[in-house]
Structures are given as C-alpha cells and as structure tokens.
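# Architecture and fold: a report
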Amino acid sequence: IEDTDGFRRLWVHEVFRVFYDRLVADSDRDWLFNFTKEVTQRCLQRSFDALFTSLTTDDKPVTEDNLRSLMFCDFSNPKAEFPKPYLEVKSIEKLRVLVESQLDEFNNMSKKPMDLVMFRFAIEHVSRISRIMKQPRSHALLVGVGGSGRQSLTRLAAYMADYTLFQVEIGKGYTSFEWREDLKRILRKSAESETHSCFLFTDTQIKEESFLEDINNLLNAGEVPNIFPMDEKQEIQDAMRKIDKTRDKSKQTDGTPLGLFNMFIDRVRDQLHVVLAMSPIGGAFRSRLRKFPSLVNCCTIDWFQPWPEDALQMVANKF
C-alpha cells in the first residue's frame, strides 16, 4: 500500500467483499453503501467522493456502480514472486488483457476449453473467487442461476492460482458408494500433495441428500466421519509419517496413529478449498441451508446477480 488513502480504499473493499456480497435486496445494499460512506467520513476522516475520484468521471459523486471497479487481487502482476502481493487494480482494461491471456493459456492446456467473454462482471467475480481461495481454510458458496459463470470462473481462478481442481462426474449409476470413493480420493490427494486444491461441487450433482451431509462435515471439521476403513487409515498414516519426517522438529507430531491422522485432517483443512455453486431458485436451496448450516457459516458467499448491460453488450458483440 503506497499511502493512507490506499489503506482506506482497501478497508472499503474488504467491507464490501465480506458484507455487501452477501446481501440480496437492493435496499440492504443501498443502506450498506451509504453507511460505509458515513463511516469513512466520520472515522477515517476522508471524503468518500475524494477517496474514489479515480473511479468517476466529470467529478460526479461516487455511486455503487462505480465501486464495482474497486478491485484488489494478487494476480495483477504475474511476474511477482510468491507470496504475491495483494494490490489495488489501477486499470480494469490492463487486468482484462491479463485475465484473457491466462484464459488462452488454460484453453491451450485443458481438454475442456472455455469460450468466455471477460467483461467487467466476470473479472469482478474471478477476483472475488480468487480472494476467497487464497485465504486460510476458506470455502466459497457461489449463488446464482445456471449459466451465470459460476463454474467456468472458478476453473479459471483455480488455474490462475496454480490450484489443482477436483470435480466429480455424475453418471446414471452414480450412488453414495461412488461418491464416497471420489471423496476419499480427493481428500487423500489434497493432503498428500504440497499444493492447494479446489473441490468444485454444484447443486445439479446432488443425487442424494447424504452428499450434502458429507460436504457439511467436510466444511465444518475437515473430515467425513468413518469414511476410511482401517486398512486405508493405515495407508494414510504411513503417507503422513513420511511427510512428517521432512518437517521442522518443532512442527512434527508425536508419531502416534492418532497424531498422524490429525495431521492428515489439518492438511486437508489447510489445502482443500470447497467451492459450492448453487441456484437460489425454488425451495430446495432454502431447506438445504437450514438442514446444513455449515454451507453458510463456513463459506464466504458470492451472489451472481443478473448480468449488467455492459456484459450483455460485450457478449452480443463477440457472438
């Protein structure tokens, strides 16, 4: 951060990502926007309009739509060394070019290329998803109708972060047995790897409600109770023992089976980020949130609102 105004803008950005992105009603969003303006003036002792003068034209007052262009991310400088700094985006156009180049790289490497138009709305959500996945032990709940870009933007954000993406393939004969086997594979790969992973799961893949119960446990505790039989637990403990020996002595476990399995759970919690893509249409979404509270409590929510006019125009121009 270059100056105190930069820190103020960062504070406003984080307030909007934590609270504003959860809100559904326009009246609630208006209230938060106006209250943030008031707090910025009263507590940070800076005029809101002066703070965000770069986002407006013709010296007009800052609006909610202007604040869509307020972005912080860690992928705006691809040459930066790890850990990459979390920087304010000065030019949306430069960021669009960068994201489009990353998308081209993804399409060249992927078996399932994505033909996306990177309008501002899409870039906003890529930066939000990326922000969530980079936080410790974080998970995301993306709420929007099908076709709004939840899955494709998650795949792109995971690729840009160098995360391994996991997704189950649901067929006609897919049962809770296949689900548990897939889940075990994902948990083991994420814990035994040294890189972070992203597990993308959508509400169209919920063939049985028990799937969500397992996801609820995974979000809450980092494990699914009794999913591993004794022989597989032994394999996990052996794999963890090898990793444990390479760690600093102060961080090593006591070497007991319980200590090694707890290390496995900690590594899953640290390295696996669950991204849920769900639709708010119908009563199923509401009842599932009531039944499985971790879907809300343990996730950062990002609402995919209807595409704005500038997004529709860019898509129409391309196709």
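Above this text you will find the structure in question.
Residues numbered from 1 in each chain as written. Predicted model: local features only at pLDDT ≥ 70, side-chain atom pairs only at ≥ 80, totals over all residues. Heavy atoms only, no water.

### Side note on the overall build of the protein chain
Put simply, the rule reads: In this text, helices come from DSSP runs of H or I with a minimum length of four residues, and strands from runs of E with a minimum of two, each type numbered from the N-terminal end. Every radius of gyration here is taken over C-alpha atoms, with the globule rule written as 2.2 Å times N^0.38, N being the number of residues. Think of it in three bands: residues with accessible area under 20% of the maximum for their type are buried, residues over 50% are exposed, and the middle band is partly exposed, with areas taken using a 1.4 Å probe on protein chains only. Whether two residues are in contact is decided by their heavy atoms: any pair within 4.5 Å suffices.
A tally of regular secondary structure across the protein chain gives 14 helices and 7 strands. At 21 Å, the protein chain has a C-alpha radius of gyration in line with the 20 Å of a compact globule built from 319 residues. Dimensions of the protein chain, computed from the C-alpha atoms along their principal axes, are close to 70 × 50 × 40 Å. For the protein chain, the residues scored as buried account for 47% of the 319 residues in total. Long-range pairs, those at least 24 residues apart, make up 72% of the contacts in the protein chain with a sequence separation of at least 6.

### Here we look at helix H1 (residues 4-18)
Basically, it comes down to this: Expected span, for any helix, means 1.5 Å times one less than how many residues it has. In protein, a polar contact means a hydrogen-donor-capable atom and an acceptor-capable atom, both N or O and within 3.5 Å, with residues adjacent in sequence counting only if both atoms are side-chain atoms; elsewhere, any N or O pair within 3.5 Å suffices.
Taking 1.5 Å per residue as the helical rise, H1 with its 15 residues ought to reach 21 Å, and the 21 Å between its terminal C-alpha atoms agrees with that figure. By the burial criterion, the buried members of H1 are Asp5, Gly6, Arg8, Arg9, Leu10, Val12, His13, Val15, Phe16 and Arg17. Measuring from the side-chain oxygen of the N-cap residue of H1 to the backbone nitrogen of Asp5 gives 3.4 Å; that N-cap residue is Asp3.

### Regarding empty space enclosed by the protein
One simple way to see leftover space: roll a probe sized like a water molecule over the atoms. Condition: In this analysis, the protein atoms alone were mapped onto a 1 Å grid. Cavities are point sets where a 1.4 Å probe fits without being able to get out; pockets are open sets with protein on both sides within 12 Å along at least five of seven lines; lining residues have an atom within 4 Å of a point. Grid points are joined across faces, edges and corners, and a volume is the space filled by probe spheres set on the points.
Per the stated rule, a full pass over the model turns up 1 cavity of 30 Å³ or more. Each pocket or cavity is described by its volume, and for the largest cavity that value is around 30 Å³. If you trace the largest cavity, you find it lined by Arg17, Asp21, Arg128, Arg131, Ile132, Thr300, Ile301 and Asp302. Breaking the lining of the largest cavity down by element, the ones donating at least two residues are helix H6 (120-133) and strand E7 (300-303).

### What about the packing of helix H8 (residues 176-192) against helix H10 (residues 230-246)?
Here is the rule: Orientation is described by axes fitted as lines to C-alpha atoms, over the contacting stretch for helices, and by angles from 0 to 180 degrees between their N-to-C directions. With respect to orientation, any angle under 35 degrees is reported as roughly parallel, any angle over 145 as roughly antiparallel, any angle of 65 to 115 as roughly perpendicular, and every other angle as oblique. Note: crossing handedness is left-handed where the near helix turns anticlockwise from the far helix by less than a right angle, and right-handed where it turns clockwise. Residue polarity follows a fixed list, in which Ala, Val, Leu, Ile, Met, Phe, Trp, Tyr, Cys and Pro are nonpolar, Asp, Glu, Lys and Arg are charged, and the others, Gly among them, are polar.
Where H8 meets H10, the closest approach of the two axes is 11 Å, and the angle between their N-to-C directions is 15°. Here H10 runs roughly parallel to H8, going by the angle between their axes. The handedness of the crossing between H8 and H10 is right-handed. Each of Lys184, Arg188, Ala191 and Glu192 in H8 lies in contact with H10, whose residues at this interface are Glu232, Glu235, Ile236, Ala239, Met240 and Ile243. Residue composition of the contact of H8 with H10, grouped by class: 5 nonpolar, no polar and 5 charged.

Limitation: the analysis is restricted to geometry and does not speak to function.
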